[in-house]
Amino acid sequence: MTHPNATWHDRVPKVELHLHLEGAIPLDALWTLVQKYGGDPDVPDVAALQTKFVYRDFPHFIQTWVWQTRFLREYDDFTFIAEAIARDLAAQNVRYVEAFCSPPDFTRHGLRAQPLIEAIRTGLDRVHGITVQLVPDLVRDFGPLHGLRLLMELAELKGAGVIGIGIGGSEQAFPPEPFAPVYAEARRIGFHTSAHAGEAAGAASIWGALRALNPDRIGHGTRAVEDPALIDYLAEHRVPIECNPLSNVRTGVIPSVDKHPARLFFERGIPFSVNTDDPKMFGNSLADEYRALEQHLGFSRDEVRQVILNGIETAWLEPDAKRRLAAAFRSDPNWRNDSA
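These remarks concern the structure in this document. Note that the structure is a prediction, hence the values are computed from the model and not measured. (Residues numbered from 1 in each chain as written. Predicted model: local features only at pLDDT ≥ 70, side-chain atom pairs only at ≥ 80, totals over all residues. Heavy atoms only, no water.)

1. Details of the overall build of the protein chain
Here comes step 1: Each helix and strand in the protein chain was counted, giving 16 helices and eight strands.
Here comes step 2: A compact globule built from 340 residues should have a C-alpha radius of gyration of about 20 Å, and the protein chain, at 19 Å, falls within 12% of that.
Here comes step 3: Oriented by its inertia axes, the alpha-carbon framework of the protein chain measures out at about 50 × 50 × 40 Å.
Here comes step 4: The buried share of the protein chain, taken over its 340 residues, is 60%.
Here comes step 5: Residue pairs in contact within the protein chain that sit at least 24 positions apart in sequence constitute 76% of those at least 6 positions apart.
Here comes step 6: Surface exposure of the protein chain reaches about 13,500 Å², of which carbon and sulfur atoms provide 51%.
Here comes step 7: Charge separation in the protein chain, taken as the distance between the mean sites of 35 positive and 45 negative side-chain charges, equals 3 Å. (Helix = DSSP H or I, 4+ residues; strand = E, 2+ residues; numbered from the N terminus. Rg over C-alpha atoms; globule rule 2.2 N^0.38 Å. Buried < 20%, exposed > 50% of the residue type's maximum accessible area, 1.4 Å probe, protein only. Contact = heavy atoms within 4.5 Å. Areas by Shrake-Rupley, 256 points an atom, 1.4 Å probe, with all protein chains shown as cover. Lys, Arg positive; Asp, Glu negative; His and termini not counted. Charge placed at Lys NZ, Arg CZ, Asp CG, Glu CD.)

2. What about the nonpolar core?
Here comes step 1: Counting residues in each nonpolar core, the largest one holds 113 residues, and the members touching the most others are Phe-78, Ile-120, Ile-241, Phe-272 and Ile-308.
Here comes step 2: Per element, the largest residue contribution to this core is seven residues, and it comes from helix α5 (residues 75-91).
Here comes step 3: In this structure, Phe-78 is in contact with Leu-72, Phe-106, Leu-111, Leu-116, Ala-119 and Ile-120, ignoring residues within four places of it in sequence. (Core = buried A, V, L, I, M, F, W, Y, C linked by side-chain atoms within 4.5 Å.)

3. Digging into the side chain of Asp-77
Here comes step 1: The residue Asp-77 is located in helix α5 in this model.
Here comes step 2: For Asp-77, a relative accessible area of 2% gives the class buried.
Here comes step 3: At a separation of 2.6 Å, a polar atom in the side chain of Asp-77 contacts the side chain of Lys-36.
Here comes step 4: Excluding residues within four positions of it along the chain, Asp-77 makes contact with Leu-33, Lys-36, Tyr-37, Phe-71 and Leu-72. (Polar contact = N/O pair within 3.5 Å; in protein donor to acceptor, adjacent residues only side chain to side chain.)

4. Thoughts on the pattern of salt bridges
Here comes step 1: In the structure shown here, the tally under the stated rule is 21 salt bridges.
Here comes step 2: Lys-36 serves as the salt-bridge partner of Glu-74, at 3.1 Å between the closest nitrogen and oxygen. On the criterion of sequence distance, the pair formed by Glu-74 in the loop between α4 (58-68) and α5 and Lys-36 in helix α2 (residues 27-36) is long-range, its members being 38 residues apart.
Here comes step 3: The class for Lys-36 is partly exposed, based on a relative accessible area of 42%.
Here comes step 4: We note a salt bridge from Glu-98 to Arg-217, for which the minimum N-O separation is 2.9 Å. With Glu-98 in strand β2 (residues 94-101) and Arg-217 in strand β6 (residues 217-220), this residue pair connects regions lying 119 residues apart in the sequence. Neither Glu-98 nor Arg-217 differs from the other in exposure class; each is buried.
Here comes step 5: Residues joined in a network through salt bridges with shared partners are Asp-10, Asp-288 and Arg-291. (Salt bridge = Lys/Arg side-chain N within 4 Å of Asp/Glu carboxyl O.)

5. Focus on unusual backbone geometry
Here comes step 1: Positive phi, close to 50 degrees, is recorded for Asn-214, a residue that is not glycine.
Here comes step 2: Here Asn-214 lies in the loop between α9 (203-213) and β6.
Here comes step 3: Relative accessible area serves as the criterion here: at 48%, Asn-214 is assigned to the partly exposed category.
Here comes step 4: Notably, Asp-277 is not glycine yet its phi reads approximately 70 degrees, a positive angle.

6. Digging into the sheet that holds β2
Here comes step 1: The parallel open sheet is built from three strands, whose spatial order is β1-β2-β3. If you trace the sheet from one side to the other, it starts and ends with β1 (14-20) and β3 (131-136), each paired once. On average, each strand axis in the sheet is inclined to that of its neighbour by 15 degrees, with strand direction left out of account.
Here comes step 2: Of the strand pairs in this sheet, β1 and β2 are connected by five bridges, and their pairing is parallel. Each bridged residue has a counterpart across the sheet, and for Val-15 the counterpart in β2 is Tyr-96. (Pairing = 2+ DSSP bridges. Axes fitted to C-alpha atoms, helices over the stretch in contact; angles between N-to-C directions.)

7. Concerning the packing of α5 against helix α6 (residues 113-124)
For any two helices packed against each other, the geometry comes down to the angle between their axes and how far apart the axes lie.
Here comes step 1: The geometry of α5 relative to α6 is characterised by a closest axis approach of 7 Å and an angle of 35 degrees between their N-to-C directions. In this structure, α5 crosses over α6, and the sense of that crossing is right-handed. Mapping the contact onto sequence places Tyr-75, Phe-78, Thr-79, Ala-82, Glu-83 and Ala-86 in α5 and Pro-115, Leu-116, Ala-119, Ile-120, Thr-122, Gly-123 and Leu-124 in α6.
Here comes step 2: The residue inventory of the contact of α5 with α6, partitioned by class, reads nine nonpolar, three polar and one charged. (Left-handed = near helix turned anticlockwise from the far one by under 90°. Nonpolar A, V, L, I, M, F, W, Y, C, P; charged D, E, K, R; others polar.)

8. Here we look at empty space enclosed by the protein
Here comes step 1: Counted according to the given criterion, the structure contains three cavities of 30 Å³ or more.
Here comes step 2: Looking at the largest cavity, its volume works out to about 70 Å³.
Here comes step 3: Around the largest cavity sit Glu-16, Ala-24, Asp-88, Leu-89, Gln-92, Val-94, Thr-276, Pro-279, Lys-280, Asn-284, Ser-285 and Leu-286, which together line it.
Here comes step 4: Put simply, the parts of the chain that give the lining of the largest cavity at least two residues each are α5 and α13 (279-282).
Here comes step 5: Partitioning the lining of the largest cavity into residue classes produces five nonpolar, four polar and three charged. (1 Å grid on protein atoms, 1.4 Å probe; cavity = no way out; pocket = protein on both sides within 12 Å on 5 of 7 lines; lining within 4 Å. Points joined across faces, edges and corners; volume = space filled by probe spheres on them.)

Written out as structure tokens, the structure reads:
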């Protein structure tokens, strides 16, 4: 239920294309898991848990991610968090999601990719009013051979809510080029593809992803501004970007929202969506992201609406499904209600 003091940003229907499930666990659900596995002496309560999610830089964020995944050890844990996440998103009027999950991070707990994803699907399907498609992250830190083996497992889940693959992880340490054969095989299978690039590494990482991987979308893409020729390329070829402004501030990729290139992308006609990335680890929501576009980057309300529609247009939906979703958004009573 929407809070009575909610603004237009809270009420408007939303689409999310760059969300990591493991970074979207509501704090009360995560706290339940921390307690289940014996707790952490440095995190005695929920307040302390919240302060855990403050980062010096991107590598520190990755360290915190690894710490958090200690508390996801059984398949039932994934069903539990998936349901909690879907309910949280639905309460924010998020209607459609393409969400990353990271099976490689849980091999240390003896969990296999297929039953893990099936456990997630079970939890997601308990929540009505929201559609969540899954995009397993091969996690570049594990290398391309591991990625190829995982891809073969995922191929059996195509059509069961798994629609694509991506590579996240430590971009600054593991360049995209070695994953070229993996992405070629993913396309042969019929998966959509995304690649994190231009977050923890610069414009060369984006060029590498574009040239070697030929992805359908680029995740983050923030540091494209370091190379004007790259901006020209993204605009000419209309490469979809999954932008995450507040995430980029939290991890130190940019010093403040007003330094994010979303305004430049918009003016150059580069199709981009705005997303939360790891909302419970960064303390943001899509409503916060929309407010930031207006308050820090000069977006008008109509331009924010266009960004939301960009999300639908660059989603991995069939054309008819895109048209139906866009029509449903436009006909929603909150779409044009600009009272607040």
